[in-house]
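These are the residues of each chain, in order.
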Amino acid sequence: MPVDIPDVSIEDELRTQISAVAASGAEIEIIGGGSKRFYGESIEALPIDVSAHSGIVDYDPAELVITLRAGCKLAEVEALLTEQRQMFGFEPPRFGADSTIGGMVASGLAGPRRAYAGSIRDFVLGVKLLDGRGQVLQFGGRVIKNVAGFDVSRLMVGALGTLGIILEVSIRVVPLFETELTLAYEHESADQHIRWVNELGSEPYPITASLWHDGRSQLRLSGSEQGVRHAAALLGGDSIEAGWVEVKEQQLDFFDSAEPLSRVSLPPATPDLLPGNPQLIEWGGARRWLCGEVDVAALRDQLAGASGSLCAFRRHAADVPRFHPLSAEMLKLQRNIKSSFDPAGIFNRGKLYPGL
Amino acid sequence: MSQTRRQQLAARFREFLPSESVVDQPTSLAAYECDGLSAYREQPLLVLLPGDVSQVQQIMRLCHEQRLPVVSRGAGTSLSGGALPHAEGVVLSLAKMNRILQVDQLSRSAVVEPGVRNLAISEAVKSRGLYYAPDPSSQIACSIGGNVAENAGGVHCLKYGLTLHNILALKVVGADGEIFEIDQRALHNDGYDLLPLLVGSEGMLGIVVEVTVKLLPIPRCARVVMGVFDSVEKAGDSVAAIIAEGIIPAGVEMMDNPAIRAAEDFVHANYPVDAEAILICELDGTEEEVLAQIELVEQVLKNGGAVETRLAKDEAERLLFWSGRKAAFPAVGRISPDYYCIDGTIPRKSLAAVLAGVRQLSEQYGLPVANVFHAGDGNLHPLILYDANNEGELEKTEELGSKILQLCIHHGGTITGEHGVGVEKLGEMCIQFSEAERNQFHALRECFDPLKILNPGKAIPTLARCAEHNAMHVHDGKLPFPELERF
């Protein structure tokens, strides 16, 4: 069935609305599909729904670029890409049926393939943005190579809407793989997995995802039939049914808990710093989910010494800062950057850090 | 600026730098007057050659105190004048900071100083089966610090990305001399992602003093096929057809007839000199994968109307196929006293229309143009042939270049794909970006450098500059391409 994405622009309405808000001194919370609203600090502000701003601005599969209004539903866009045998390389989680392209970019959250294909940041080519003065600005473009001006479009990825309302975004897409295969291995300790999966990285295997949990490692291979079959023969292991959607969407039993969920980020080859804690390790060791009560402040200190960080991802107590603290100088720089886009601080203020 | 001022400042810098690290003799300064865009020249007050991070910090503190403009410089291969000195400022050369500090096999990364040459990284890790992917044409000479400043590309970008995609962390000395770090070795950082702002910022946001690069396993196998075409349109469409097959080539390069002829005369790569266009398509990966796909690509080229296809039978022939493309610039340099390289990017589907436009402009200006094209990613390099000794010909060439870039914008492209804005494309920036967008760039710059001492006058045009540019280029009250819809 052909995908039917609504074609509606509310750019003018949003412009008028933002100009009025800016004049009144109010603060707003930008809402798309609401699926990732849990991510970041809770804020008290006037919600503005931007999800009606929808439509495909441009998509020519041969150019490997799609330009979308930010309110497009991620599920529908992915269905459209699949029709053309293409996809988003970074395997974005939806976390809900209504998740939008704008929310995907603003949250910067990516799935299992991120460690092997790149982040959303790596694939964003351009944005159209509504800033805190009610101005529409465009940065980047619809071409893969572009070094004209500072790369502002990619700065929007992970900024959680604190710099402005994303109106449109151009994203590079990639071809679907001919085939995929998942292999499983027994690795009792996290350290065994971390060492093994990083050693594999020095060989040109077509790996597109890795996972360790509860004594078991998984690898996903993707590519041409011949390439995947050949690599699988070299790598051994047991071929199993893939469950990568459940990993991406956090639907595994591991995530189904009343306990706080923390996201620990570390340089991938770092040995296990949390032995004995229930962990699920992705991205070749760079992303380690930790389920359970932890002393967040103490753990953050420990991780900082290993070039790591901790995000209080879900179900943490309200007084736990969601994101890893920045140095005073870095916080000041980032506040200045926010002010340059949003001088009155109207957009999602405090969503990332105090004042940010 | 008086010689006395120069001497006074040199003495201040020699308080903490070895004497030979402060260049103040006009004869020695001459070597730094220009970068790869030699049409622009300026003598700096001083050239400083720090040997370590703390010296860079001390230099920046003094420049900050004195409000001295600082132009950082790597190997000086910029094609846009990014490292053009400031007459009242210093050139901060990172050439002495050229050590590979650490290679980490397990995490496939290397920590290097900014003066390390691009190719030297791959050479240093080759024995470990790894390499650094971005390969700008100047990779023998250009430095990683310069690559970061320009977000350098290369022929393998479509598959392996630009410099940005291959950097994991940066250590930066800010305009005030303080260090800040952007560390994404964990594939993530909380807060704003400043890496894309810094990469490609043309030395205006800080001095990069340490770079952590991503290393990749060397592909086991690389094969090349050449398609020979009697029209550039068919060649361009064939690239789209390859991509429609779900194949991302490691590189796809196109050359038009004048470029083919120049290259063939120079390196004798056995190129078909009567062809209107050739495509060189390289695939890499595992042997099984490459062998299956190269046959498919050859078939796609035939279906796309290639009058001939040639599959390189061995590594020697693969390198021969590439030799002509890699020598395209010097080859054009042999047939013309001077050439001027343009760096626009366009959506691939506009190739035929843009090339037709370029041909028309070339005839109008009476200056021949040869085209080489990174066909996979839409990055077009028209090479304008001219003779700088002819009165007014450089100016005419620059005007033609500007017209070509405006044509790229008109077709939804951009004025620079990989060479940067520098001093060269300030005028075109006024066309590509609105006043509000340019103001945003200036505001971002001031977040990092409130005194505006880092590479002033480059990359982002001032309001005054754009007012002047637009006054010059508005004819009959109309901007060129008034219908222009900017992407």
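Residues numbered from 1 in each chain as written. Chains lettered and ligands numbered in written order. Predicted model: local features only at pLDDT ≥ 70, side-chain atom pairs only at ≥ 80, totals over all residues.

1. Looking at the overall build of chain B
Check the secondary structure of chain B and you find 17 helices and 19 strands. In terms of overall size, chain B behaves like a compact globule, its C-alpha atoms giving a radius of gyration of 23 Å where 487 residues would be expected to give roughly 23 Å. Residues counted as buried form 56% of the 487 residues belonging to chain B. Summarising the internal contacts of chain B: among those between residues at least 6 apart in sequence, 72% fall at separations of at least 24. (Helix = DSSP H or I, 4+ residues; strand = E, 2+ residues; numbered from the N terminus. Rg over C-alpha atoms; globule rule 2.2 N^0.38 Å. Buried ≥ 20, exposed ≤ 12 C-beta atoms within 10 Å, placed from the backbone. Contact = placed C-beta atoms within 7 Å.)

2. Notes on the overall build of chain A
When helices and strands are tallied, chain A shows eleven helices and 17 strands. A compact globule built from 356 residues would reach a C-alpha radius of gyration of about 21 Å, and chain A, at 21 Å, matches this within 12%. Counting only C-alpha atoms and orienting by the principal axes, one finds that chain A spans roughly 60 × 50 × 35 Å. Taken over 356 residues, chain A has a buried fraction of 52%. In chain A, the share of contacts with a sequence separation of at least 24, taken over all contacts with a separation of at least 6, comes to 69%.

3. So, the domain arrangement of chain A
Residue and element names in this part refer to chain A. Per the domain assignment, the segments of chain A are domain 1 (11-175 + 336-341) and domain 2 (179-314). Each side of the interface is counted separately: domain 1 has twelve residues, and domain 2 has twelve residues. A breakdown of the residues in the side of domain 1 that touches domain 2 according to their chemical character gives seven nonpolar, one polar and four charged. (Domains from an automatic or database assignment. Nonpolar A, V, L, I, M, F, W, Y, C, P; charged D, E, K, R; others polar.)

4. Observations regarding the domain arrangement of chain B
Residues and elements named next belong to chain B. The assigned domain composition of chain B is domain 1 (3-93), domain 2 (100-217), domain 3 (221-330) and domain 4 (337-473). Computed over C-alpha atoms, the centres of domain 3 and domain 4 are 28 Å apart. Taken together, the 19 residues of domain 3 in the interface contact 14 residues of domain 4. Where the side of domain 3 that touches domain 4 is concerned, the elements lending two or more residues are helix H8 (232-244), strand S13 (251-256), helix H9 (257-267) and helix H12 (328-335). Ranked by the residues each element gives to the side of domain 3 that touches domain 4, the list is headed by S13, at six residues. Taken together, the residues of the side of domain 3 that touches domain 4 break down into 13 nonpolar, two polar and four charged.

5. Some remarks on unusual backbone geometry
One non-glycine residue, Phe95 of chain A, lies in the positive phi region at around 55°. One non-glycine residue, Lys452 of chain B, lies in the positive phi region at around 55°. Mapped onto the elements of the fold, Lys452 of chain B is located in the loop between helix H16 (435-448) and helix H17 (463-473).

6. Some points on the interface of chain A and chain B
Each side of the interface is counted separately: chain A has 72 residues, and chain B has 74 residues. Only helix H4 (114-117), helix H5 (120-123), strand S7 (136-140), helix H6 (152-155), helix H7 (190-200), helix H8 (225-235), strand S17 (309-314) and helix H11 (328-341) of chain A provide two or more residues apiece to the side of chain A that touches chain B. No other element matches the seven residues that H11 of chain A contributes to the side of chain A that touches chain B. Its residues assigned to classes, the side of chain A that touches chain B shows 33 nonpolar, 24 polar and 15 charged.

7. Let's talk about the environment of Met254 of chain B
Residue and element names in this part refer to chain B. By the secondary structure assignment, Met254 is in strand S13. The class of Met254 is buried, set by 28 C-beta atoms lying within 10 Å. Linking Met254 and Val23, residues 231 residues apart in sequence, is a C-alpha distance of 43 Å. Residues in contact with Met254, not counting those within four places in the same chain, are Ala235, Ala277, Leu279, Phe373 and Ala375.

8. Observations concerning the sheet that holds strand S10 (residues 179-186) of chain A
All names here are of chain A. Spatial strand order, S13-S10-S12-S11-S15-S16-S14-S17: eight strands in an open sheet with antiparallel pairing. With one partner strand each, in any of the chains shown, strand S13 (238-240) and S17 form the two edges of the open sheet. Between one strand axis and the next, the sheet turns through 25° on average, direction left out of account. The strands touched by H7 are strand S11 (207-213), strand S12 (216-223) and strand S15 (279-282); relative to S11, the strand with the most contacts, the crossing angle is about 170°. (Pairing = 2+ DSSP bridges. Axes fitted to C-alpha atoms, helices over the stretch in contact; angles between N-to-C directions.)

9. Describing the nonpolar core
With 228 residues, the main nonpolar core has Ile278 and Leu279 of chain B as its most contacted residues. Setting aside chain neighbours within four positions, we find Ile278 of chain B in contact with Met226, Gly227, Val228, Phe229, Met255, Ile260, Tyr271 and Pro272 of chain B. Among the nonpolar cores identified, the runner-up in size contains seven residues, and Leu181, Tyr205, Ile207 and Val228 of chain A belong to it. (Core = buried A, V, L, I, M, F, W, Y, C linked by C-beta atoms within 7 Å.)

10. What about the confidence of the model for chain B?
All names here are of chain B. Here chain B averages 93 in pLDDT, while 97% of its residues score no lower than 70. Overall, residues 475-487 carries pLDDT values under 50, and its contacts beyond four positions in sequence, including any with other chains, amount to 15 contacts. What the predictor reports for the complex is a pTM of 0.96 with an ipTM of 0.97. (pLDDT = per-residue confidence, 0-100.)

11. Description of the environment of Val90 of chain B
Residues and elements named next belong to chain B. Topologically, Val90 is positioned in strand S4 (residues 90-93). On the basis of neighbour counts, which here come to 27 C-beta atoms within 10 Å, the residue Val90 falls in the buried class. Residues Val90 and Val47, spaced 43 residues apart in sequence, show a C-alpha to C-alpha distance of 5.6 Å. Once you skip the residues sitting within four places of it in the chain, Val90 turns out to touch Pro44, Leu45, Leu46, Val47, Leu48, Cys63, Leu68 and Val70.

12. Points about the pairing of strand S5 (residues 100-104) of chain B
All names here are of chain B. As paired elements, S5 and strand S6 (residues 109-112) share four bridges and run antiparallel to each other. Note that in S6 the partner of Ile100 across the bridge is Val112. Hairpin connection of S5 to S6: four residues between the antiparallel strands, including Arg108 at a positive phi of 50°.

13. Looking at the pairing of strand S19 (residues 379-386) of chain B
All names here are of chain B. Extensive coverage of S19 is indicated by the burial of eight of its eight residues. Neither face of S19 is exposed, since Asn379, His381, Leu383 and Leu385 on one face and Leu380, Pro382, Ile384 and Tyr386 on the opposite face are all buried. The sheet contact formed by strand S16 (residues 338-341) and S19 spans four bridges and is antiparallel. Along S19, the bridge assignment pairs Cys341 with Leu383. Relative to S19, strand S17 (residues 344-345) is paired through two bridges, and the arrangement is antiparallel. Residue pairing for S19: Gly344 is matched across the bridge by Leu380.

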